[in-house]
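# Structural overview
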Number of protein chains: 2
Amino acid sequence: MTEAAPQEAALSEQELRTLDAHWRAANYLAAGQIYLMANPLLTEPLRPEHIKPRLLGHWGTSPGLNLVYTHLNRVIKARDLDALCVWGPGHGGPAVLAGSWLEGSYSETYPDISRDGAGMELLFRQFSFPGGVPSHVAPETPGSIHEGGELGYSLAHAYGAAFDNPDLLVTCVIGDGEAETGPLAASWHSDKFLDPVHDGAVLPVLHLNGYKIANPTVLSRLPESELDALLRGYGHEPLYVTGEDPAQVHQALAAALDDALDRIVQMQRSAREDGVTERVHWPMIVLRTPKGWTGPAEVDGLPVEGTWRAHQVPLPGVRENPAHLRQLEQWLRSYRPEELFGPDGRPSADVLACVPEGDRRLGSNPHANGGVLLRDLPLPPLDTFAVAVDKPGAALHEPTRILGDLLEQVMEDTRERRDFRLVGPDETASNRLQAVFDASGKAWQAEVLPVDEHLSRHGRVMEILSEHLCQGWLEGYLLTGRHGLFSCYEAFVHIVDSMVNQHIKWLKTSRQLTWRAPIASLNYLLTSHVWRQDHNGFSHQDPGFVDHVLNKSPEVVRVYLPPDANTLLSVADHVLRSRDYVNVVVAGKQPCFDWLTMDQARAHCARGAGIWEWAGTENGAEPDVVLACAGDVPSPPTSPSSSPTTATPG
Amino acid sequence: MTEAAPQEAALSEQELRTLDAHWRAANYLAAGQIYLMANPLLTEPLRPEHIKPRLLGHWGTSPGLNLVYTHLNRVIKARDLDALCVWGPGHGGPAVLAGSWLEGSYSETYPDISRDGAGMELLFRQFSFPGGVPSHVAPETPGSIHEGGELGYSLAHAYGAAFDNPDLLVTCVIGDGEAETGPLAASWHSDKFLDPVHDGAVLPVLHLNGYKIANPTVLSRLPESELDALLRGYGHEPLYVTGEDPAQVHQALAAALDDALDRIVQMQRSAREDGVTERVHWPMIVLRTPKGWTGPAEVDGLPVEGTWRAHQVPLPGVRENPAHLRQLEQWLRSYRPEELFGPDGRPSADVLACVPEGDRRLGSNPHANGGVLLRDLPLPPLDTFAVAVDKPGAALHEPTRILGDLLEQVMEDTRERRDFRLVGPDETASNRLQAVFDASGKAWQAEVLPVDEHLSRHGRVMEILSEHLCQGWLEGYLLTGRHGLFSCYEAFVHIVDSMVNQHIKWLKTSRQLTWRAPIASLNYLLTSHVWRQDHNGFSHQDPGFVDHVLNKSPEVVRVYLPPDANTLLSVADHVLRSRDYVNVVVAGKQPCFDWLTMDQARAHCARGAGIWEWAGTENGAEPDVVLACAGDVPSPPTSPSSSPTTATPG
């Protein structure tokens, strides 16, 4: 099939040669990481002792990821693009590691893994090896904002990164396995929330290599017309790149990328300069290449390349089986490493011809290490918003409504900077935060009717009935160096239990990486909580998210239960300033008693838990919920697994 | 728009009149439940004391649900259909309660709520009232297998109900809010797993009423051509019913339903009688009617009907505001209750003309009370599969592989009955259960290539890379009276935390309803567990699901940690026989030591936790994981929240 075969070749002979050299080098390095712990340049015949004792990793997706890395290099360099890539099939860690090693960003991040033969040997050895690096794209991987273990969140992360980054291109490779997940299936509709004026572009690359671990994928087995209808139904203009001949695919992919990027430039110009407000139908690429492409075609008489058998380690017995070892050597030599690397192991000029410079490299783009771009959020003085408390327990306020006034001011004060977003599943007003609409509308690119309220093409309040999208968008936004808050019904935040698990893991690992700058915390406001859900009943009652996060690392997790409006203001101020935490704030939206003046709330939060003495000594009344909040806690909790509810400033 | 306006009227004048009468009656009853606690038949002018002190409920979706209920009645009766309906917008509880009260199934289930004026008053009063019934479709609702609180799972539940029920029609109303969720978005591809020979039909009705709580919905604001492409991309043939004139919509919906059902019959006949194996493109209906249709057009000068303002209670101030009270009375009288109900409150003959009889009624269909159809699973003697243990801690086996042999036999023994399914996210073989493929292939209706293995149009092993779909399918399957097992990587089962929360709530509530017969337990096999995930790393390591379920009601939850192959066999036998539990079995797929002979395992499981004594006294060795499993536990746990790990037979 040649849908995207260009009329005239997109690449010159020389470009084709050098791009192919880069791709072959990356494939060589990917396979090398899976198998080798010595003899990285094949300067001698492969022997069993060169092979790792335990073979791990995912080969199947790696050639496709490498191909995208190679071709992104070309367009970044040719067009001087500010670009990220989110690697949905990030379990193909060897590919992304290969790409960043080739461009030099890996060695700059980890100087011991030098860009030469010695470094290559370490690169190979460390992969999925005790004391080494994970087999997936992970926080340790330069250029990444997306862990490749649990599937489904790549496209939401990509959109989150693109919001309020008007000059950024975020390519997102979506595996056809991942595409079967719920969160990914919902993410396709994110295009209705992407502002072509203030946001960057997202370029989805749906990689149909046809198989998961053990099965064909649903999307790869649809008739072409059905797949095309689906993608157009999602709002995209799909461009198809299909093949198994490398030269043909290089030409087709280069043409498709040029086409897509030209369209994106034109669409952005229409919206930004010509004032066109019609909804944009962004291009996307469907890349259909064999799983485990260029790897062993058959092993032990069974087809491997182009099948699920290529998913992980296609030749599992190379240490014990001489025939497998020979086949591995043939496979590795098929990339002609002697053309790709000098005798010292440095990549050749041809290999590096497509590689961009400095921060333009995918492994060095600062957006992928968002903390380096992060600015403190402008937070107004709390006294402006505080409620007067003449007598504790006398007057009533809706705490989240008071918080809404503060958030309105934050929204207002970031009108130009555009680095704060509020996300929620259709519940901003239900959660009493509607004051924010005076400072920002709700992001919306689809049709608007006269009866609608607060919808805006340029809004920074994000509402969609998907907790998964709220979470994924916000994660991508925070990881690229911005701020935000997720307001959610308490019971339904469990929908993202697994996503918050993975984000907590990301933060925990990132804290140990000195090169990763701290990012803004992921802040939850859980309201419509269990104590006031009598009307919606059992399905809406669940305080268990606190349990869920409290069994995570106390280095990362904080839970706040502010009992009144002023305490919520103090807590909100604190969590919005904090870094690298997951902060869970549970607060009511129904009227509840005011207990603390603003000064008392501030003092209380500053000295940690003490509400019980206060309540007991000052007026005898007791707050309805125990407070645990920010403050100078003299010593860390003695039992990390059970008492991280007291917090130190982040 | 008149896309589906029929060439000749689908309904006679009389049918139109009686269907409209049923619909008006249902709308009257829905509104009545939200507002009234006295004067149900409006025999006197409305006064404030007739109004509930607290107004709760969801009016917006109710007229649409009522419309579907009315028209399903017609086709069930006309075609003698065995039909269920899954109500995705089940927060419109008043609608489904109205439908089942009109048909009499409600009064048969709850005799105090009689089908007359006295019963109507109780029906109204009990709704979302202390001591009454939930505001959502819930376990308490006759005819339901789907709770309407947390959105996203309706279509997966519908497919689960249809699997292996060849004569069943499962209509599924999908709200356009719910359609934004990840699980629902993924569920559309379930059609690639529905066997037209052995499974029933699923008829999705996408109800575009245009708004959520506070926002327009994404799908309702797509251009028609884009929506059509999307639905065809999902594999469906969409039929459109659009309008706001009741008579026209009645005709169009009747025509569309007839068209859809005719097509379904023909497609099933082709597959079943003519041996056609091409993938079926099932019909579906897009129903575009106003939110809060027939309710107040405006309230206090703001548009309500057809907007998000109709979502919950469109006239909130009727007790205090005489103008609102008058408007409510006008609204209720607009249905002309005196034509619909006799002086005694019984529905008129016109209203009941469309209602089917006996078990054909949606509120009485036995599939919605699946326990009444449930048969014991044939479980083979365990000794056939047991591993020999001459000496504890000497030999190694992969426990899940041994379990696979047992499951193969269960699959084999249910070949004709077809009431057992195994679901998993592409991990059946990875989890070492591949022996089952000797008895059943993997369900798959899409294209098959020569290289594929174990795919089958008629398979009962279900693999898709979506934990949400695995969970949703299995829940629907169990709730309609069948058996199953969900095998999953331990870390990623958190993806369905929220779904299992809701299923546990369903079971807990159902146990208190004497009319609901016990259903088979939801059994998880969690493997690839934290202790053996060094190679996949941090993202794949998480033992927290046990924490997640252990804070649920000990009436419903059981956790088993069998330390070896024979104990796993005993546990599996136990959980597959049990009823109304969520059973979490954590077991290794990697080789681990055999500790107990089959007899010892059986005895151990029968007497509850005792492994430590045994291990200490018999050979001094200790098992690698503490065992908690089935057995005669003399007394219930003293601390319900912390020790439900010991189980009593279900």
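Residues numbered from 1 in each chain as written. Chains lettered and ligands numbered in written order. Predicted model: local features only at pLDDT ≥ 70, side-chain atom pairs only at ≥ 80, totals over all residues. Heavy atoms only, no water.

This part is about the side chain of Ser539 of chain B. Within the secondary structure layout, Ser539 of chain B lies in the loop between β14 (522-527) and α16 (545-550). A polar contact of 3.3 Å, which involves the side chain of Ser539 of chain B, links it to the side chain of Glu147 of chain A. Excluding its chain neighbours within four sequence positions, the residues that come into contact with Ser539 of chain B are His136, Glu147, Gly149, Glu150, Gln502 and Lys505 of chain A together with Ala491 and Phe492 of chain B. (Helix = DSSP H or I, 4+ residues; strand = E, 2+ residues; numbered from the N terminus. Polar contact = N/O pair within 3.5 Å; in protein donor to acceptor, adjacent residues only side chain to side chain. Contact = heavy atoms within 4.5 Å.)

What follows concerns helix α10 (residues 322-333) of chain B. Counted at 1.5 Å a residue, the expected span for α10 of chain B with its twelve residues is 16 Å, and the 16 Å between its end C-alpha atoms agrees. One side-chain oxygen at the N-terminal end of α10 of chain B lies 2.9 Å from the backbone nitrogen of Ala323 of chain B; it belongs to Asn321 of chain B. (Expected span 1.5 Å × (residues − 1).)

Further remarks concern the pattern of salt bridges. What the rule picks out here adds up to 70 salt bridges over all chains. Glu339 of chain B is the partner of Arg336 of chain B in a salt bridge, and the nearest nitrogen-oxygen pair spans 2.8 Å. The exposure class assigned to Arg336 of chain B is partly exposed, which follows from its relative accessible area of 33%. Sharing partners across several salt bridges, the network here consists of Asp20, Arg24, Arg336 and Glu339 of chain A. (Salt bridge = Lys/Arg side-chain N within 4 Å of Asp/Glu carboxyl O. Buried < 20%, exposed > 50% of the residue type's maximum accessible area, 1.4 Å probe, protein only.)

If you look at the biggest cluster of nonpolar residues, it comprises 232 residues, and the most contacted ones within it are Leu206 and Tyr524 of chain A together with Leu206 and Tyr524 of chain B. Dropping the residues within four chain positions of it, Tyr524 of chain B is found in contact with Gln471, Leu485, Phe486, Val493, Val496, Val500, Phe545, Val582, Asn583, Val584 and Val585 of chain B. (Core = buried A, V, L, I, M, F, W, Y, C linked by side-chain atoms within 4.5 Å.)

Facing the 85 residues of chain B at the interface are 85 residues of chain A. Here chain B and chain A share an interface that buries about 6700 Å² over both sides, 56% of which is from carbon and sulfur atoms. Our count for the chain B to chain A interface comes out at six salt bridges. Two residues, Arg221 of chain A and Asp452 of chain B, come together in a salt bridge whose shortest N-O distance is 2.6 Å. Where chain B packs against chain A, one counts 38 residue pairs in polar contact (both at pLDDT 80 or more). Contributions of two or more residues to the side of chain B that touches chain A are made by α7 (182-187), α8 (224-233), α15 (497-511) and α16 of chain B. With seven residues, the top contributor of residues to the side of chain B that touches chain A is α15 of chain B. (Buried area = accessible area lost by both parts, 1.4 Å probe.)

Per the counting criterion, the structure on display carries 38 aromatic pairs over all chains. Here the aromatic rings of Trp188 of chain A and Tyr234 of chain A are separated by 5.1 Å at their centres, their planes lie at 5°, and the arrangement is stacked. Of the two residues, Trp188 of chain A sits in the loop between α7 (182-187) and β3 (201-207) while Tyr234 of chain A sits in the loop between α8 (224-233) and β4 (237-242), which places them 46 residues apart along the sequence. On the basis of an interplanar angle of 70° and a centroid distance of 5.3 Å, the ring pair of Tyr524 of chain B and Phe545 of chain B is categorised as edge-to-face. Of this pair, Tyr524 of chain B sits in strand β14 while Phe545 of chain B sits in helix α16, placing them 21 residues apart in sequence. As far as the burial class goes, Tyr524 of chain B and Phe545 of chain B line up, both buried. By way of ring pairs, the aromatic residues Tyr159, Phe163, Phe193, Trp444 and Trp473 of chain A are connected into one cluster. If you follow Arg511 of chain A out to its NZ or CZ, it ends over the ring of Tyr581 of chain A, 4.9 Å from the centre. (Phe/Tyr/Trp six-rings, centres within 6.5 Å; stacked < 30°, edge-to-face > 60°. Lys NZ or Arg CZ within 6 Å of the ring centre and 35° of its normal.)

Right, let's get into the pairing of strand β9 (residues 420-424) of chain A. All names here are of chain A. Among the five residues that make up β9, five are buried, leaving the element largely enclosed by the rest of the structure. Burial of the side chains of β9 extends over both faces: Phe420, Leu422 and Gly424 are buried on one face and Arg421 and Val423 on the other. Sheet analysis places β9 next to strand β13 (residues 483-489), joined by four bridges and oriented parallel. Counterpart to Arg421 in the pairing with β13 is Gly484. Where β9 lies against strand β12 (residues 461-463), three bridges are found, and the strand directions are parallel. Opposite Leu422, over in β12, you have Val461 as the bridge partner. (Pairing = 2+ DSSP bridges.)

Turning our eyes to something else, we now look at the sheet that holds strand β1 (residues 82-87) of chain B. Residues and elements named next belong to chain B. In spatial order, the strands read β1-β2-β3-β5-β4; together these five strands make up an open sheet with parallel pairing. Strand pairing shows two members of the sheet lacking a second neighbour, β1 and β4 (237-242), which therefore form its edges. Direction aside, neighbouring strands of the sheet carry axes that sit 20° apart on average. Where strand β3 (residues 201-207) meets strand β5 (residues 283-288), three bridges bridge the pair, whose relative direction is parallel. Directly across from Val205, in β5, lies its bridge partner Ile285. Strand contacts of helix α2 (residues 62-79): β1, β2 (168-175), β3 and β5, with the helix running at about 175° to β1, the strand carrying the most contacts. Together, β2, β3, β4 and β5 form the strand contacts of helix α9 (residues 246-272), whose direction differs from that of β4 by roughly 165°. (Axes fitted to C-alpha atoms, helices over the stretch in contact; angles between N-to-C directions.)

For the pair chain B and chain A, the relating rotation is 180°, the translation along its axis is 0.0 Å, and the fit reaches an RMSD of 0.0 Å. The transformation just described matches what one would write down for a two-fold rotation axis. No C-alpha of chain B lies nearer the rotation axis than that of Gly182 of chain B, which sits 2.0 Å from it. By residue overlap, the copies meet face to face through one surface: 100% of the interface positions of chain B are interface positions in chain A. (Least-squares fit on C-alpha atoms with pLDDT ≥ 70 in both.)

Let's shift gears to the confidence of the model for chain A. Note: predicted coordinates in regions of low pLDDT should not be interpreted at a detailed level. Residues and elements named next belong to chain A. Looking at chain A as a whole, the pLDDT averages 92, with 92% of positions reaching at least 70. This stretch, residues 609-650, has a pLDDT under 50; its non-local contacts, to residues over four places away or in other chains, come to 88 contacts. Here the prediction assigns the complex a pTM of 0.94, and the interface score ipTM is 0.93. (pLDDT = per-residue confidence, 0-100.)

With that settled, consider the side chain of His311 of chain A. Residue and element names in this part refer to chain A. The residue His311 is located in the loop between β7 (302-303) and α10 (322-333) in this model. For His311, a relative accessible area of 9% translates into the label buried. Leave out the neighbours within four places in its chain, and His311 touches His58, Trp59, Gly60, His91, Lys212, Ile213 and Lys291.

What follows covers the environment of Arg418 of chain B. All names here are of chain B. Relative to the elements of secondary structure, Arg418 occurs in the loop between α13 (399-413) and β9 (420-424). On the basis of relative accessible area, Arg418 is assigned to the buried category, the value being 11%. For the pair Arg418 and Asp199, spaced 219 residues apart in sequence, the C-alpha separation works out to 9.9 Å. A distance of 2.7 Å separates polar atoms of two side chains, one belonging to Arg418 and the other to Asp164.

With that settled, the discussion passes to the sheet that holds strand β1 (residues 82-87) of chain A. Residue and element names in this part refer to chain A. Taken together, five strands build an open sheet; the order of strands is β1-β2-β3-β5-β4 and the sheet is parallel. The outermost strands of the open sheet, each flanked by one partner alone, are β1 and β4. Each adjacent strand pair in this sheet contributes to an overall mean axis angle of 20°, direction not counted. By the bridge criterion, six bridges tie β1 to strand β2 (residues 168-175) in an arrangement that is parallel. Opposite Ala83, over in β2, you have Leu169 as the bridge partner.

Let's shift gears to the pairing of strand β13 (residues 483-489) of chain B. All names here are of chain B. Within β13, seven of the seven residues are buried, which leaves it mostly tucked inside the rest of the structure. Residue alternation in β13 divides its side chains into two sets, His483, Leu485, Ser487 and Tyr489 and Gly484, Phe486 and Cys488, and both sets are buried. With α15 bridging β13 and the parallel β14, this β-α-β connection has right-handed handedness. (Right-handed = clockwise from strand over helix to strand, strands pointing away.)

Residues and elements named next belong to chain A. Although it is not a glycine, Asp80 adopts a positive phi angle of roughly 50°. With respect to the secondary-structure elements, Asp80 resides in the loop between α2 (62-79) and β1. Unlike most non-glycine residues, Ser128 shows phi in positive territory, near 45°. Turning to its location among the elements, Ser128 is positioned in the loop between α5 (117-126) and α6 (154-162). Take Ser128: its relative accessible area is 12%, and that puts it in the buried class.

All names here are of chain A. Direction vectors running N to C along helix α14 (residues 467-479) and helix α15 (residues 497-511) enclose 15°, while the axes themselves pass 11 Å from each other. Comparing their axes, α15 and α14 come out roughly parallel. Pair α14 / α15 crosses with left-handed handedness. Only Met499, Val500, His503 and Trp506 of α15 make contact with α14, whose side of the interface consists of His468, Gln471, Gly472, Glu475 and Leu479. Grouping the constituent residues of the contact of α14 with α15 by class yields four nonpolar, four polar and one charged. (Parallel < 35°, antiparallel > 145°, perpendicular 65-115°, else oblique. Left-handed = near helix turned anticlockwise from the far one by under 90°. Nonpolar A, V, L, I, M, F, W, Y, C, P; charged D, E, K, R; others polar.)

This paragraph deals with the environment of Tyr110 of chain B. Residues and elements named next belong to chain B. With respect to the element layout, Tyr110 can be found in the loop between α4 (105-109) and α5 (117-126). Overall, Tyr110 belongs to the buried group, its relative accessible area being 18%. Look past the residues within four positions of Tyr110 in its chain and what remains in contact with it is Glu140, Pro142, Leu513 and Trp515. In terms of polar contacts, Tyr110 uses its side chain to reach the backbone carbonyl oxygen of Glu140, at 2.6 Å.

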